[in-house]
Amino acid sequence: MQTAVEVDNLVRRYGDFVAVDHLSFEVHPGEIFGLLGPNGAGKSTTIRTLMGIFPPDEGEVRVLGTSPRAAQPRVGYLPEERGLYRDLQVVEVLLYLAELKGMPRHKSHRRALAWLERVRLLDWANERVKDLSRGMQQKLQFIASLIHEPDLVVLDEPFQGLDPVNVALIKGLIRDLAESGMTVMLSAHEMSLVEALCDRILLINKGQAVLYGSLREIKRAYAGQTINLSSPDRLPDIAGVTHVERVNGSYRLTLADAQQPADVLQNLLTAGVTIDAFEVAAAPLEEIFVSIVEARDELD
Amino acid sequence: MNWTRILTIARHEYLTNLRKPRYLIFTLSVPALALLTVAVGTVFGSEALAALESQLVPENQVVGIVDQTGELLPVLPAYDESIRAYDDEAAGRTALQEGTIRVLYVFPEEFIETGAVTVVRLDAGNSFDAPTFIIGEYVRERLLAERLDPDLQARVLNPLRTTTEITLDGSDERTGDASSLLADFIVPYMFALLLAITIFSSSGFLLSGVAEEKGSRVIEILLSSVTASELLTGKVLGLGALGLTRIAFWVASLGGLAYLGAQVSPLPSFVSLEGVITVDLLVLSLVYYLLGYLIYSLLLGAGGALGGSVQESQQIGSLVSLFAALPLYLFAFTITNPNAPIVRIVSYFPLTAPTAMVVRLPFGTIPPIDIAISIGVCVLTLPLIVWGGAKVFRAGLLNYGKRPPLAQVLRMIFR
């Protein structure tokens, strides 16, 4: 299966400053991939390289099986720093940007109206962009990145400045896009949204990859050997469990090294403990993010 | 380079700027002004100039004189309405007080020897107003009236009534009276000025457009769809066509108005285009417009990309405009002698040549070598400007924040 994005040892410098330092990762077709990192980590530079705006100084980048520049018509882009033609009508902006991506006007006009309806902006189609609220402009820019039916869409901070209702709307649309087969690459600071949407993530700090892989596996790996257990019973000593604590009416069990959760579950049942809920704990992404970035900063 | 995308950008730039009020107002104002002139000429006919004059000068033009020399009276019949004689200064002062006359000139006995005269006014006013010229003309005419034969007197008073100007090789011949001086000045002046302004305004649209796109960050979306070179080329083509549209509209509307006006009533000679705006001049002006526009727009586009804000981009653009406008500062030299050495020199540099030639062309015959050199330097420099301008444009577009120093700009070009 061809990868949607393939980055191999990417390096990008600004003068003496290395913004992206030998970065490698892949994005699979149809997945929602999260590109995370603190401010100044090199996310936007990486994205601009993928979009063909910057050439890489070193390394290789392939997008949809070709060079970033050649892939441009098949890629949609919502940049972090937003802006539109303020004096143009909403629909005119969409048609112009779609036409630059190679979509004929008659086709893009129909799609523009359909998308405007989907994000509840149809009544504003013939208004000037400057008359739209910030949130409306945000939604307009979101659909501007999708109007030409791309195979890959790169969304840099798509939820920035949106109210909870519109966050939910955009979140739903992103899920729909992925379900329709589009690959979504997402950069966001709201970790809860990344957790809710992304299949896999790449965390970068100071231009380097510090965490990469399946979000579920990463969360489990960083949760340590921890199990959350709900039970009305008082727990006896269980083989393989080194520490037990009560958290909000539940138990949190810390397992011995190399102890498998399934074995502990068997031990609990053997000991006659009534089990209402049993869950291998996963660390919140935000905690993982903060702990890794802080640990790296301390090392430096 | 993808020409479909370039033409999309060109069309977008053309249509969006065509609708801008500042473009429409300036484009429509020129034919509107011409229409007004034709309308005045049509309504007032030969009285148009007199009507115009009556709006500009005071109603009472009568001058009083007190002649103590015995040489200036009686008043010549031609001046009956404009000059009134008084026996003494007291009578003249009374007439001035009553408003019968506008100003009183007292010529003492020794006036012929000294030329000294006393002028009495109601209040301190402009001493170079219309009566000053009337009385000067009258004194000359009156003193010569009985001393010279009429022809000789006419030549003394108006030595060069008509002039026929020819070139040494006979390639040009023009005959005119006093009013053709106006035609020789006003029409070429307006032509040169409007063309120069069109070059600057079309290039200025490019600068402000790039600065706005960079400031609003639209540029990032554009560059994810097109290359910087495609973007620059599209903008240059679209806005160049916009400038040509303005020129074509002016030529068509002014030509049409001149033709229609001439059918209704003879136009005042100072608005006549005949013999002043020739086909040669139009073709050459078009060539210099295109060269000037390409050079200035590429430089201004690069300048616009360098600025961190619209204001900063305009500051950078003003440096380019300073060079481009240099020939306009030499206008005074150009209109008296379009082949003056300093004017010729600025025609040999690519940054000043287009404007210099646009200004020179309407004011006389330009040596063919100057035309060849000026076009040559522009054509030869253009690829360099395209190459360097595109590099700076590309590098400057995503250079947010502070304006890069000159050393960094040079690195952008030669990297």
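The rules behind the values
- Residues numbered from 1 in each chain as written.
- Chains lettered and ligands numbered in written order.
- Predicted model: local features only at pLDDT ≥ 70, side-chain atom pairs only at ≥ 80, totals over all residues.
- Heavy atoms only, no water.
- Helix = DSSP H or I, 4+ residues; strand = E, 2+ residues; numbered from the N terminus.
- Buried < 20%, exposed > 50% of the residue type's maximum accessible area, 1.4 Å probe, protein only.
- Contact = heavy atoms within 4.5 Å.
- Areas by Shrake-Rupley, 256 points an atom, 1.4 Å probe, with all protein chains shown as cover.
- Patch = residues over 30% accessible without salt bridge, like charges linked within 9 Å, V, L, I, M, F, W, Y side chains within 5 Å.
- Salt bridge = Lys/Arg side-chain N within 4 Å of Asp/Glu carboxyl O.
- Buried area = accessible area lost by both parts, 1.4 Å probe.
- Polar contact = N/O pair within 3.5 Å; in protein donor to acceptor, adjacent residues only side chain to side chain.
- Nonpolar A, V, L, I, M, F, W, Y, C, P; charged D, E, K, R; others polar.
- Phe/Tyr/Trp six-rings, centres within 6.5 Å; stacked < 30°, edge-to-face > 60°.
- Domains from an automatic or database assignment.

Undergrad: Tell me what's going on with the overall build of chain B, and back it up with residues and numbers.
TA: Assigned secondary structure in chain B consists of 17 helices and six strands. Burial statistics for chain B: of 415 residues in total, 44% are counted as buried. For chain B, contacts bridging at least 24 residues in sequence account for 72% of all contacts bridging at least 6. Carbon and sulfur atoms provide 65% of the accessible area of chain B, an area that totals close to 21,400 Å².

Undergrad: Explain a nonpolar patch on the surface to me, and be specific about the residues and the numbers.
TA: Residue and element names in this part refer to chain B. A surface patch of nonpolar side chains, about 450 Å² in accessible area, is lined by Met1, Trp3, Leu7 and Leu237. Of note, Leu7 is situated in helix 1 (residues 3–18). Given a relative accessible area of 51%, Leu7 falls into the exposed group.

Undergrad: Got a sec to walk through the interface of chain A and chain B? Specific residues and values, please.
TA: Across the boundary between the two partners, chain A contributes 24 residues, which contact 22 residues of chain B. Approximately 2,200 Å² of surface area, both sides summed, lies buried where chain A meets chain B, with 57% of it carried by carbon and sulfur atoms. When the buried surface of chain A facing chain B is broken down by residue, A:Tyr85, A:Tyr96 and A:Leu100 rank first, second and third, together holding 27% of it. Here chain A and chain B share three salt bridges between them. A salt bridge links B:Arg19 to A:Glu92, with the nearest nitrogen and oxygen atoms 3.1 Å apart. For the interface between chain A and chain B, the tally reads eight residue pairs in polar contact (both at pLDDT 80 or more). The greatest single-element share of the side of chain A that touches chain B, amounting to five residues, is contributed by helix 3 (residues 90–100) of chain A. Residues belonging to the side of chain A that touches chain B are distributed by class as follows: twelve nonpolar, three polar and nine charged.

Undergrad: Account for the packing of aromatic side chains, with residues named and values stated.
TA: All names here are of chain B. Overall, the coordinates contain ten aromatic pairs over all chains when judged by the stated rule. Ring centres of Tyr23 and Phe205 lie 6.2 Å apart, and the angle between their planes is 55 degrees; this geometry places the pair in the tilted category. On the criterion of sequence distance, the pair formed by Tyr23 in helix 2 (residues 21–44) and Phe205 in helix 8 (residues 178–215) is long-range, its members being 182 residues apart. Seen in terms of ring centroids, Tyr79 and Tyr138 are 5.0 Å apart; in terms of plane orientation they differ by 70 degrees. Their pairing is edge-to-face. Here Tyr79 is found in the loop between strand 1 (63–67) and strand 2 (83–86), whereas its partner Tyr138 is found in helix 6 (residues 130–144), with 59 residues between them in sequence.

Undergrad: Just give me the short version of the domain arrangement of chain A, but keep the residues and values in it.
TA: Once the domains are mapped, chain A shows domain 1 (5–213) and domain 2 (224–281). Each of domain 1 of chain A and domain 2 of chain A has a C-alpha centre, and the two are 43 Å apart.

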